[in-house]
Amino acid sequence: MALCLSLNASSLICKCKASSSSSSSSSSIDPRNHNAPHALDAAFIRRAALLADKSAGLTSPHPNFGCVIATPSGAIAGEGFLYAQGTTPAEVQAVEAAGERCRGATAYLNMEPGDCHGDRTAVSALVQAGVQRVVIGMRHPLQHLRGNAVRAIRSQGLQVDLLGEDLTSKDLEDAQKACLLVNAPLICRAASRVPFSVLKYAMTLDGKIAASSGHASWISSKQSRNLVFELRGRSDAVIVGGNTVRKDNPRLTARHGGGHMPIRIVMSRSLNLPEEANLWDMSEVSTIVVTQRGAMRSFQKLLASKGVEVVEFDMLNARDVMEYFHDRGYLSILWECGGTLAGSAISSGVIHKVFAFVAPKIIGGKNAPSPVGELGMVEMSQALNLIDVSYEQVGPDMLISGFLQPIPDMVPIIPSLNETVAMDPTISPYEPRIIFFYKAWDPYGAFSNFSPHPIQMPDENGDYVTWLSVEHYYQAHKFVGVDDTFAQNCVKKIKSVKSPEEAARIGRSMQRQRPDLVRSDWDNIKIEVMYRALKCKFSIYPHLNSMLLLTAGSVLVEASPHDLFWGGGRDGEGLNYLGRLLMKLRSEFLGETSSSSETDP
């Protein structure tokens, strides 16, 4: 069974589409076609990776998980993929689809399950279903999660085989590569301080990205452009330079019928940008402009009045910008810039992969721009060679893709925090005086309002209602009580979406588009709304309560570099209200514990 991963933030091997059904009791992989050692294991791991890729772009960012449960005869009993953190795990979906056929079966996972803040749902599903063996394509790349699920499964008596450790062969090596590709952005985040970056460009057969006049519409075919829309929809952000804004006036939308819309980023040192541009339209998705400190203050104010966020750097360069967006939690960024910025990004070492669409056209022109500017190379021996190059015809165009640098190696395996504490009990994970938290996958991610922990809160009638996360509750309450059908529908929509990222996107977008629908007292009560939701979360989950109490004596800081209200800000200038509320809760819980101890006989 050959694996063809569909277009995602890390790879385009070919355009094969997996079945849309979550399970297929009649599906099987004929063992007779896999006589080589471990060939069947490799085929099922590839299938799990292909399933995992289905979630790319539905909501971002989050890891991609797929699970296949196969009977000893080689039949697929059940399968599934994770939509987003906090939704039904892939393992649970596969177990439910397989039913009794799980007894004695083997579960194939593209990646070790993420034990997210005490949630052992995925592991428990496999154990309770009677699965006998688990084959895992790769360990979890995040160090504080790595190895947790493997140890938990083995402790229950199941056989666990890890590709590259317990099982090795050429087939398995290729299968593991598929697992690495589907989560390349997360691996890059774990191994470096920059997001996984893809440079995309379209050029003529003679290597031009525009005519001498600057005109560039359209070099590539409609089929290629549709592929680019899909690639955008699987990225956290799309980045262009000022020259692209001036000449092309792009929208940089995904145009794929809903789902994830990437943030748009403009890099401009001088801020010599038009006052009117499609990127300044915030109705669908936000735009961030990064520039040099002090550049055109008056224009910065104009952008701010349109809702565009401006971020200043002492010296504007690609690596500093990427490190900044890494700190904001971005996993994957698509570069659709001109040659000058592309050359700078490549020279800075932040580009991981290239997608080059070559159109069968010749435009000529001595001064016509090329896709990559000056790199300082004077001999062909200095040329950068792509790794794992692949070729695909897209309509009349040829797509050439490959890596400029390999996916970071995750070995050697550094002991996790739990393993370190087990080896040396004097080491405490709660020693730092200042504890930073931000994204739900971070070691202290449970403190985030985006963490996947449902809460039950009373509604206007006093009836308890379940919200899938604190963020769901918070965003919906911007519109609760407003006497308007549109506002009421917005509350229902936020409540029903599967992930906190989607809830935030809907709430923020509606607040920008229809500020008249936001309740009039919102600025006065939003802190109280967040506090009530946080108190509920840390009251109903004992392990979260313990985690919070164990930080006693430490300052808690929400490390968002861009949110100056809830977060600490980029340079510590933020108000950090989320951290303040958590410290307030911690004091209340500690006070209750103290009072309880004093009253005990």
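Here goes a summary of the coordinates provided. (Residues numbered from 1 in each chain as written. Predicted model: local features only at pLDDT ≥ 70, side-chain atom pairs only at ≥ 80, totals over all residues. Heavy atoms only, no water.)

1. Description of the overall build of the chain
Counting its secondary structure elements, the chain contains 18 helices and 18 strands. Expressed as a percentage of its 601 residues, the buried residues of the chain come to 54%. Sequence separation of 24 or more characterises 71% of the internal contacts of the chain that already satisfy a separation of 6 or more. In the form shown here, the chain has an accessible surface area of approximately 26100 Å², with 51% of it arising from carbon and sulfur atoms. (Helix = DSSP H or I, 4+ residues; strand = E, 2+ residues; numbered from the N terminus. Buried < 20%, exposed > 50% of the residue type's maximum accessible area, 1.4 Å probe, protein only. Contact = heavy atoms within 4.5 Å. Areas by Shrake-Rupley, 256 points an atom, 1.4 Å probe, with all protein chains shown as cover.)

2. Some words on the pattern of salt bridges
As enumerated under the stated definition, the model contains 22 salt bridges in all. Lys526 serves as the salt-bridge partner of Asp523, at 4.0 Å between the closest nitrogen and oxygen. Placement of the pair is Asp523 and Lys526 together in helix α16 (residues 522-540), with a separation of 3 residues, close to one helical turn. Ionic contacts of the salt-bridge type, sharing partners, join the residues Arg293, Arg297, Glu312 and Asp314 into one network. (Salt bridge = Lys/Arg side-chain N within 4 Å of Asp/Glu carboxyl O.)

3. Here we look at the packing of helix α1 (residues 39-52) against helix α5 (residues 170-182)
Direction vectors running N to C along α1 and α5 enclose 10 degrees, while the axes themselves pass 8 Å from each other. As summarised for this structure, α1 and α5 are arranged roughly parallel, according to the angle between their axes. Across from Ala39, Asp41, Ala42, Ile45, Arg46, Ala49 and Ala52 in α1, the residues of α5 making contact are Asp171, Leu172, Asp174, Ala175, Ala178, Cys179 and Val182. Tallied by class, the residues present in the contact of α1 with α5 amount to 10 nonpolar, no polar and 4 charged. (Axes fitted to C-alpha atoms, helices over the stretch in contact; angles between N-to-C directions. Parallel < 35°, antiparallel > 145°, perpendicular 65-115°, else oblique. Nonpolar A, V, L, I, M, F, W, Y, C, P; charged D, E, K, R; others polar.)

4. Description of the sheet that holds strand β12 (residues 353-359)
Spatially, β10-β9-β8-β7-β11-β6-β12-β14-β13 is the arrangement adopted by the 9 strands of the open sheet, whose pairing is mixed. Here the strands that pair on one side only, and so sit at the sheet edges, are β10 (309-313) and β13 (387-394). For this sheet, the mean inter-axis angle between neighbouring strands, taken without regard to orientation, is 20 degrees. (Pairing = 2+ DSSP bridges.)

5. A short note on the sheet that holds strand β5 (residues 159-162)
Read across the open sheet, the 5 strands follow the order β2-β1-β3-β4-β5; overall the sheet is mixed. Because the sheet does not close on itself, it has two edges, and the strands there are β2 (76-81) and β5. Recorded for the sheet is a direction-independent mean angle of 15 degrees between the axes of neighbouring strands. Across the face of the sheet, helix α2 (residues 90-98) comes into contact with β1 (66-70), β2 and β3 (106-109) while running at roughly 150 degrees to β2.

6. Looking at the environment of Trp566
Relative to the helices and strands, Trp566 is located in the loop between β18 (555-558) and α18 (577-599). You can call Trp566 buried: its relative accessible area is 9%. Separated by 15 residues in the primary sequence, Trp566 and Leu581 place their C-alpha atoms 9.6 Å from one another. The residues touching Trp566, leaving out its near neighbours within four places in the chain, are Tyr474, Lys526, Ile527, Met530, Glu558, Asn576, Tyr577, Leu578, Gly579 and Leu581.

7. Observations concerning α2
When we look at burial in α2, the residues that qualify are Ala90, Glu91, Val92, Ala94, Val95 and Ala98. On the buried face of α2, the contacting elements are β1, β2, β3 and α3 (121-129). Looking one or two places after α2, you find Gly99, whose phi comes out positive at around 60 degrees.

8. Considering empty space enclosed by the protein
Scanning the model with the defined rule gives 4 cavities of 30 Å³ or more in all. Counted as a void, the second largest cavity has a volume near 50 Å³. In terms of lining residues, the second largest cavity is bounded by Arg251, Thr253, Arg264, Asn278, Asp281, Ser283, Glu284 and Val285. Class assignment for the residues of the lining of the second largest cavity results in 1 nonpolar, 3 polar and 4 charged. (1 Å grid on protein atoms, 1.4 Å probe; cavity = no way out; pocket = protein on both sides within 12 Å on 5 of 7 lines; lining within 4 Å. Points joined across faces, edges and corners; volume = space filled by probe spheres on them.)

9. Considerations on unusual backbone geometry
We note that Asp388 has phi near 50 degrees; this positive angle belongs to a residue other than glycine. Its location among the elements puts Asp388 in strand β13. For Asp388, a relative accessible area of 43% translates into the label partly exposed. Phi is positive for Asn576, close to 55 degrees, though the residue is something other than glycine. Inspection of the secondary structure assignment puts Asn576 in the loop between β18 and α18.

10. Structural notes on the pairing of β13
In the sheet, β13 pairs with strand β14 (residues 397-403) via 6 bridges, with the strands oriented antiparallel. Directly across from Gln393, in β14, lies its bridge partner Met398.

11. Concerning a nonpolar patch on the surface
A contiguous nonpolar surface patch, about 290 Å² in accessible area, is contributed by Val389, Tyr391 and Met398. By the secondary structure assignment, Met398 is in strand β14. On the accessibility criterion, Met398 (34% relative accessible area) is partly exposed. (Patch = residues over 30% accessible without salt bridge, like charges linked within 9 Å, V, L, I, M, F, W, Y side chains within 5 Å.)

12. Observations regarding the nonpolar core
Counting 87 residues, the largest nonpolar core has Ile69, Val134, Val266, Leu273, Trp280 and Val289 as the members making the most contacts within it. Element by element, the count of residues in this core is highest for α1, at 6 residues. Dropping the residues within four chain positions of it, Ile69 is found in contact with Ala75, Ile76, Ala77, Gly78, Ala94, Val95, Ala98, Cys102, Ala105, Thr106 and Ala107. By size, the runner-up hydrophobic cluster in this structure holds 45 residues, among which are Val497, Met530, Trp566 and Phe589. (Core = buried A, V, L, I, M, F, W, Y, C linked by side-chain atoms within 4.5 Å.)

13. Focus: the side chain of His140
Structurally, His140 is set in the loop between β4 (133-136) and α4 (148-155). In this structure the side chain of His140 is engaged in a polar contact, spanning 3.2 Å, whose partner is the backbone nitrogen of Leu142. Setting aside anything within four residues of it in sequence, one finds His140 in contact with Phe65, Met111, Glu112, Pro113, Gly114, Leu145, Arg146 and Leu186. (Polar contact = N/O pair within 3.5 Å; in protein donor to acceptor, adjacent residues only side chain to side chain.)

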